[in-house]
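Structural characterization, general
Read off the chains here:
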Amino acid sequence: MRILHTSDWHLGRTIEGRSRQTEQEDFLEELCRLVIDEKIDAILVAGDVFDAYNPPAFAEQIFYDAVDNMAAGGERAVIVIAGNHDSPERLIAASPLASRNGIVLLGLPIDQPSIINTQNNNCAHVINGGPSWLELAVPGCNHTAVLLTIPYPSEARLKELLHDSLEEEQALQQAYSVKVRQLFSELAKNYRDNTVNIALSHIFVQGGLTSDSERPIFSIGGACTVLPEDLPQSAQYIALGHLHRPQVVKGSNATCRYSGSPLAYSFSETGQAKSVVVVDVLPGRPAEVRELVLSSGCPLVRWKATDGIPQVYSWLDEGRDPRAWIDLEIKTDAPLTIQEVQQLRKACGRFIDIRVDYPEIRHESERHSRAGLPIDQLFTIFYERKYGVKPDEKMISLFIDILGGREENQQNGNGGEDL
């Protein structure tokens, strides 16, 4: 059986208000081509299909178009689980229609797929299953696959599931990782020697390399973090979602990977090659794994113009990074004017942030303590360092008014929260 593993599409996500709809559409078109070219039998989507619980209409449309195209009426199986960004209920709303076409949508850890009783061997379908697992048959394979499927298991959802399925009150008091291990251990009893044995989940495994674009699903102190050794060791392949950097999970006896996001969603991902994972696996054999690098999507790059604005325009004239979103830093001897910033943005609409490395601002702020300067001057220094231009009088007055209102609330005992 040949499996494609992908995750963290984050359809509907923008970058500083700039739409990435075209890039997301291009990725899904590329993915559909890869599925055909690589003769994929089953596609596993390990969560965070959308970027928000209520995604924009276009995001839902391109998602359903993509899974429908990949499934091709049941020629292939598509298994999709919810991540921490997805609304479980919204994701599975189309399940009654999807399951008839080889598409399985799972929102909660307790969810179970629809079992399709059919004699049609030319259609991918679920032949057996229960809460958090399924047995999948796909056309052209003389063996089936058993998948342990755990959508994003929040601590509350995991407690409910363990209480309902394992009936071990003591398990509710144990660490999150132990609970995940217990769940996987119970589900792994469905694995057989004559099946392809896979696990699919959206979790954070300790030791994974993060980036700035992930919304954490783990908290300080390690809660909601899973130890590698608590993953199902008897699985032939474990497909994970949540971390946006493609990577192998170390410390697990099973072959375990994060596929990563298909697009770079923060400048901390600059220079990362985005990819999907193709897995060839037979019952009782080690999985053979390949990464396929994606070509769609615009890269995120950083420009540091040490020779000032003329260097930026020189790079633009040279056609440097023509498809990239750009984080721009300019070294200057004076703050940029608003007109200069506007001209830069007009010359290139791909600048996400324009910052100024202005030594005089930095030195001035270093020379003076907070107590040594009036608040309006401190705000002016901060604003120039952040945006490269001086704030106008209206902006400074607004800041003083807000600050004054906050101090009045504190004196009256009405709040005191940080702005």
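Above: the structure in question.
Residues numbered from 1 in each chain as written. Predicted model: local features only at pLDDT ≥ 70, side-chain atom pairs only at ≥ 80, totals over all residues. Heavy atoms only, no water.

**A word on the environment of C32**
With respect to the element layout, C32 can be found in helix α1 (residues 21-37). Other than its neighbours up to four places away in sequence, C32 contacts A66, N69 and M70. (Helix = DSSP H or I, 4+ residues; strand = E, 2+ residues; numbered from the N terminus. Contact = heavy atoms within 4.5 Å.)

**Points about the nonpolar core**
Counting 32 residues, the largest nonpolar core has W9, L11, V49, F63, M70 and V80 as its most contacted members. Taken together, the elements giving at least two residues each to this core come down to α1, β4 (42-46), α2 (57-71), β5 (77-81), β6 (103-106) and β16 (275-280). With seven residues, the single largest contributor to this core is α2. Dropping the residues within four chain positions of it, W9 is found in contact with F27, L28, L31, V45, D48, V49, F63, M70, P262 and Y265. In terms of nonpolar packing, the next biggest core, distinct from the first, is built from 27 residues, L44, A77, V196 and L200 among them. (Core = buried A, V, L, I, M, F, W, Y, C linked by side-chain atoms within 4.5 Å. Buried < 20%, exposed > 50% of the residue type's maximum accessible area, 1.4 Å probe, protein only.)

**Re the pattern of salt bridges**
Per the counting criterion, the structure on display carries 16 salt bridges. Notably, a salt bridge pairs K274 with E269, separated by 2.6 Å at the nearest N-O pair. Under the relative-accessibility criterion, E269 is labelled buried at 1%. Overlapping salt bridges, with partners in common, bring together R2, E38, D280 and R290 in one network. (Salt bridge = Lys/Arg side-chain N within 4 Å of Asp/Glu carboxyl O.)

**Here's the deal with the sheet that holds β5**
On the basis of which strands lie adjacent, the open sheet formed by six strands has the order β6-β5-β4-β1-β16-β17 and mixed pairing. The strands lining the two open edges of the sheet, one partner per strand, are β6 and β17 (288-293). Averaged over neighbouring strand pairs, the angle between their axes works out to 20° when direction is ignored. By the bridge criterion, four bridges tie strand β1 (residues 2-6) to β16 in an arrangement that is antiparallel. The partner of L4 across the bridge, within β16, is V278. (Pairing = 2+ DSSP bridges. Axes fitted to C-alpha atoms, helices over the stretch in contact; angles between N-to-C directions.)

**Some remarks on the packing of aromatic side chains**
What the rule picks out here adds up to seven aromatic pairs. A centroid spacing of 5.4 Å and a plane angle of 70° characterise the contact between F50 and F63, whose relative ring orientation is edge-to-face. Of this pair, F50 sits in the loop between β4 and α2 while F63 sits in helix α2, and the two are 13 residues apart along the sequence. There is no split in this pair, since F50 and F63 are both buried. The interplanar angle of 75° and the centroid separation of 5.9 Å between the aromatic rings of W303 and F351 together place this pair among those described as edge-to-face. On the criterion of sequence distance, the pair formed by W303 in strand β18 (residues 300-305) and F351 in strand β20 (residues 351-357) is long-range, its members being 48 residues apart. Through successive ring pairs, a cluster of aromatic residues spans W9, F27, F50, F63 and Y64. (Phe/Tyr/Trp six-rings, centres within 6.5 Å; stacked < 30°, edge-to-face > 60°.)

**Some remarks on the sheet that holds β18**
One open sheet holds the three strands; their spatial order is β18-β19-β20, and the pairing between them is parallel. Of all strands in the sheet, those with a lone pairing partner are β18 and β20, marking the two edges. On average, each strand axis in the sheet is tilted by 15° relative to the strand beside it, whichever way the strands run. Contacts from helix α7 (residues 309-318) reach β18, β19 (325-331) and β20, with the element oriented near 135° to β18. Of the strands in this sheet, β19 and β20 touch helix α8 (residues 338-347), which is tilted by about 145° from β20.

**Things to note about the packing of α7 against α8**
Contact geometry for α7 and α8: axes closest at 11 Å, N-to-C directions at 10°. Here α7 is positioned roughly parallel relative to α8, judged by the angle of their axes. In contact with I309, V312, Y313 and L316 of α7, α8 contributes E340, Q343, L344 and A347. Along the lines of polarity and charge, the residues of the contact of α7 with α8 split into six nonpolar, one polar and one charged. (Parallel < 35°, antiparallel > 145°, perpendicular 65-115°, else oblique. Nonpolar A, V, L, I, M, F, W, Y, C, P; charged D, E, K, R; others polar.)

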